[in-house]
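Coordinates in review
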Amino acid sequence: MGAFLVRRLSINVLVFFLITIAVFALVHKTPGDPIAMQIPADQLNSGSADFIAQKRAELGLDRSLVVQYWHWLTNALHGDLGYSLLNGRPVTELLGERIGPTIELMGVGLLISLLIAFPLGILAARRRNSWLDYGATVVSLGSVSIPVFFVALIVIYVFTLKFQWFPSSGISDPTNPGLLDSLHHLVLPALILGFGNSGPFMRYVRSSMITELDADYVRTANAKGASPRRVVLRHAFRNSLIPVLTVIATNLPQLLAGAVVIEQVFAWPGMGQLAVSSVNQHDYSVIVGFALLIAIIVLLSNLLADVLYTVVDPRVRLR
Amino acid sequence: MTEPLLQIKGLSVDFRTDDGVVHAVTDVSLAVQPGEIVAIVGESGSGKTVTAMSVLRLLPKAAEVSADAIAFRGTDLRTLSAARLRAIRGGPVGMIFQDPMTALNPVMTIGGQVAEAVLLHQRRPDRKAAWRRAVELLGLVGVPDPAERVKQYPHEFSGGMRQRAMIAMAIANDPDLIIADEPTTALDVTIQAQVLALLRKAQAETGAATILITHDLGVVAELADRVVVMYAGRVVESAGVRELFAVPRHPYTKGLLASLPRMDLDVDQLDPIPGNPPNMAAPPAGCPFHPRCPLARDRCRTELPPLLEIGVGRSSACHFHDELAVTA
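Just so you know, these numbers come straight off a predicted model, no measurement behind them. (Residues numbered from 1 in each chain as written. Chains lettered and ligands numbered in written order. Predicted model: local features only at pLDDT ≥ 70, side-chain atom pairs only at ≥ 80, totals over all residues. Heavy atoms only, no water.)

**Observations regarding the UniProt feature "transmembrane region" (unreviewed entry) in chain A**
All names here are of chain A. The sites that carry the UniProt feature "transmembrane region" (unreviewed entry) are, in the present numbering, residues 9–27, 105–125, 137–159, 183–202, 240–266 and 286–312. In residues 240–266, the share of helix is 96% and the share of strand is 0%. The end C-alpha atoms are 35 Å apart. Within residues 286–312, the helical portion is 100% and the strand portion 0%, while the C-alpha atoms at the span's ends are 39 Å from each other. (UniProt positions renumbered as here; feature names shortened; annotations may be inferred. Helix = DSSP H or I, 4+ residues; strand = E, 2+ residues; numbered from the N terminus.)

**Description of the sheet that holds strand β3 (residues 37–41) of chain B**
All names here are of chain B. Read across the sheet, eight strands follow the order β7-β8-β9-β3-β10-β11-β13-β12 without closing on themselves; strand pairing throughout is mixed. Unpaired on one side and paired on the other, β7 (93–96) and β12 (308–311) mark the two borders of the sheet. Between one strand axis and the next, the sheet turns through 25° on average, direction left out of account. Here six bridges tie strand β10 (residues 226–231) to strand β11 (residues 234–240), and the two strands are oriented antiparallel to one another. Across the sheet, residue Val227 finds its bridge partner in β11, namely Ala239. (Pairing = 2+ DSSP bridges. Axes fitted to C-alpha atoms, helices over the stretch in contact; angles between N-to-C directions.)

**Brief notes about the pairing of β3 of chain B**
Residues and elements named next belong to chain B. Taken across its five residues, β3 has five buried, putting it largely inside the fold. Covered by surrounding structure in β3 are Ile37, Ala39 and Val41 together with Val38 and Ile40, the residues of both alternating faces. Alignment of β3 against strand β9 (residues 209–214), held across five bridges, turns out to be parallel. Each residue of the ladder has a partner; that of Ala39, found in β9, is Leu212. Here β3 pairs with β10 via four bridges, running parallel. Within β10, the residue paired with Ile40 across the bridge is Val228. (Buried < 20%, exposed > 50% of the residue type's maximum accessible area, 1.4 Å probe, protein only.)

**Here we look at the packing of helix α3 (residues 110–119) of chain B against helix α4 (residues 127–140) of chain B**
Residues and elements named next belong to chain B. At their nearest, the axes of α3 and α4 sit 8 Å apart, and the two run at 115° to each other. The angle between α3 and α4 falls in the class roughly perpendicular. The way α3 lies across α4 gives a crossing that is right-handed. Touching Ile110, Gly111, Gly112, Val114, Ala115, Val118 and Leu119 of α3 are Arg127, Ala130, Trp131, Arg133, Ala134, Leu137 and Leu138, all from α4. When its residues are assigned to classes, the contact of α3 with α4 shows 10 nonpolar, two polar and two charged. (Parallel < 35°, antiparallel > 145°, perpendicular 65-115°, else oblique. Left-handed = near helix turned anticlockwise from the far one by under 90°. Contact = heavy atoms within 4.5 Å. Nonpolar A, V, L, I, M, F, W, Y, C, P; charged D, E, K, R; others polar.)

**A look at the interface of chain A and chain B**
If you look at the interface, chain A gives 22 residues, while chain B gives 25 residues. On the chain A side of the interface with chain B, the three residues burying the most area are Arg219, Ala223 and Lys224 of chain A, jointly 30% of the side's total. The tally of links from chain A across to chain B stands at two salt bridges. We note a salt bridge from Lys224 of chain A to Glu116 of chain B, for which the minimum N-O separation is 2.8 Å. At the level of elements, α9 (216–223) and α10 (228–265) of chain A are the ones that each hand at least two residues to the side of chain A that touches chain B. Take the side of chain A that touches chain B: its biggest share by element is seven residues, from α10 of chain A. In terms of residue class, the side of chain A that touches chain B is made up of seven nonpolar, six polar and nine charged. (Buried area = accessible area lost by both parts, 1.4 Å probe. Salt bridge = Lys/Arg side-chain N within 4 Å of Asp/Glu carboxyl O.)

**Quick notes on a nonpolar patch on the surface**
The grouping of Ile146, Phe149, Phe150, Leu153, Ile154 and Val261 of chain A at the surface amounts to a nonpolar patch, some 520 Å² of accessible area in total. As for its position among the elements, Val261 of chain A is in helix α10. (Patch = residues over 30% accessible without salt bridge, like charges linked within 9 Å, V, L, I, M, F, W, Y side chains within 5 Å. Areas by Shrake-Rupley, 256 points an atom, 1.4 Å probe, with all protein chains shown as cover.)

**Focus on the nonpolar core**
Counting residues in hydrophobic clusters, the biggest one holds 104 residues, and the most contacted among them are Leu138, Ile167, Leu177 and Ile179 of chain B. A per-element tally of this core places helix α6 (residues 159–170) of chain B first, with seven residues. Beyond its immediate sequence surroundings of up to four residues, Leu138 of chain B is in contact with Ile110, Val114, Val143, Pro146, Val150, Ala165 and Ala168 of chain B. Ranked by size, the runner-up nonpolar core spans 75 residues in total, among them Met106, Ala215, Val218 and Ala291 of chain A. (Core = buried A, V, L, I, M, F, W, Y, C linked by side-chain atoms within 4.5 Å.)

**Overview of the side chain of Thr310 of chain A**
Within the element layout of this structure, Thr310 of chain A appears in helix α12 (residues 284–312). Polar contacts involving the side chain of Thr310 of chain A include one to the main-chain carbonyl oxygen of Val307 of chain A, which spans 2.5 Å. (Polar contact = N/O pair within 3.5 Å; in protein donor to acceptor, adjacent residues only side chain to side chain.)

**Considering the pattern of salt bridges**
Residue and element names in this part refer to chain A. Per the counting criterion, the structure on display carries 22 salt bridges over all chains. For the salt bridge of Arg315 with Asp313, the shortest nitrogen-to-oxygen distance reads 3.0 Å. Take Arg315: its relative accessible area is 40%, and that puts it in the partly exposed class. A relative accessible area of 6% means that Asp313 is categorised as buried.

**Quick notes on the UniProt feature "domain: ABC transporter" (unreviewed entry) in chain B**
UniProt records the feature "domain: ABC transporter" (unreviewed entry) for residues 8–257 of chain B in the present numbering. Split by type, residues 8–257 of chain B is 37% helix and 26% strand. Its first and last C-alpha atoms lie 27 Å apart.

**So, unusual backbone geometry**
Residue and element names in this part refer to chain B. The residue Asp27 is not glycine, and still its phi comes out positive at about 50°. Of note, the phi angle at Glu182 is positive, near 50°, even though the residue is not glycine. Along the chain, Glu182 turns up in the loop between β8 (177–181) and α7 (189–206).

**As for the environment of Gly275 of chain B**
Residues and elements named next belong to chain B. Residue position: Gly275 is located in the loop between α10 (251–258) and α11 (298–302). By relative accessible area, Gly275 is classed as exposed at 52%. Expressed as a C-alpha distance, the spacing of Gly275 and Arg292, which sit 17 residues apart in the sequence, is 5.9 Å.

**What to know about helix α6 (residues 131–145) of chain A**
Helix length check: α6 of chain A, at 15 residues, gives a terminal C-alpha distance of 21 Å against a target of 21 Å (1.5 Å per residue), a fit within 8%. On its buried side, α6 of chain A packs onto α5 (91–126) and α8 (179–213) of chain A. (Expected span 1.5 Å × (residues − 1).)

As structure tokens, this is what we get:
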């Protein structure tokens, strides 16, 4: 296990380097200029070009991409991801204050999607081709095919405007802070994110469960006198988890993408909001920092999935 | 004769498939006396496994089972509630399956699975006692160092050891009936002999009646008291093991015996049964064996021979069983 972790982590470091190069190159090659972006279009005149060039030189943007990358990399290795071109604040600080709300939203969203997917998937597998199975299929198809922003608008209309049950904006109410208030704000965005991701999970749980319920060892368990409930929960469930784990791990970037959209709609002060605004403003260092953080999250979640295999499946030994 | 331990009368099992209805089992009757070892013999697809699985209602939902009687110790298993059926499964009736590679749960320890068989039938569930019993059972079936090996998973066991664990589960609750579905088929020949010896020992110690499903006549000769031969979903011959081996009274049985290698006779070549088992979605008219039968004549092509009593404890479903009695 230890040796496995060391090897996997070192592979991840390599992947990580490649990602930084790709992101750095792409971001800097996109058309548009961070300095020009800050000058309103009607104030651009013949003198602007000199001003922009001067500013670019001050910020080091006029140097070659390789030099800029090297500069960025040496700083990054010391934990310095540079400063926002917009407001001059350190990127690590910006990301640091944004990562909490995003992790909170993603975590609860993931939990909700699993709480929807597992019971529904298992029930659908046990009652194959029943109205319940078809109903679950419709729900999961709906969750995949209706865009989250659309669901979000409907939900906001119903639960915020009509019934006024839940707030639709922000992470807390400054005049009335507390755990209950935070949960109150979390309900709608987390539910929508969870629902949007439950569809594929449910389908995989269902098909994996169907495979396991047909397995010989399930017949053995039945022949021993185990109850249907015991057969499903003690025998088939753990076996069905093995393929589903992969799907969950590889879907985490999807979940993050969904969170970015939902943060926009619900004014959730997370990384997604930060990323969208910095892309719009060509805030290079923030974009690169953001991409880096996502890469870390994805690589770590895949590593976590591999480790979880060993917990679920005794046949897997990591070497 | 005492009341049979297990009584099956007029059992038929159909499967609806895209190619039409498959009559996997047709009008099978079978009685097992306490302590008796009955072998059900036949080729793949002859319905022997389906017959055995229908006793404890272990067939998939797609199977349509009908029977005049399926009774265990006088209890009608066809209509028994699910909860009371579970008390019989793994309790007074233990089952052993063919492939120990897939019949054990790969993510559960061997000990956990054997202990589960005990635990499910304890009046007051006691995990520690069940675990101790699991160790004891594994020792009984010849798993070396059972106290350590209970903690292992199926993939850490060899095929023969896994089948021993299966047998341990089947005899965990001192059954009156053991149903063993091809218990040695998936094993190496050297291991087969060990497992057969173990089965005989388990049977002798528990005194359980046994239904032994196999296509291996060597296994039958080794263990069985009585033999039921199945072909195309029907019983074609039934007899005591000595009588059957001495004078088979159905051409299919005769063919099976002739295709067996013999050590005691100098035979140049084996004599296989020509042709293949019939397509069960469209079985031939008349006697289902007639396309492969050396005795077949016109009557066989049109008229299905009924299973008739032809002696004490002996029956055959051949129009011309008399001729076999003479020629043998």
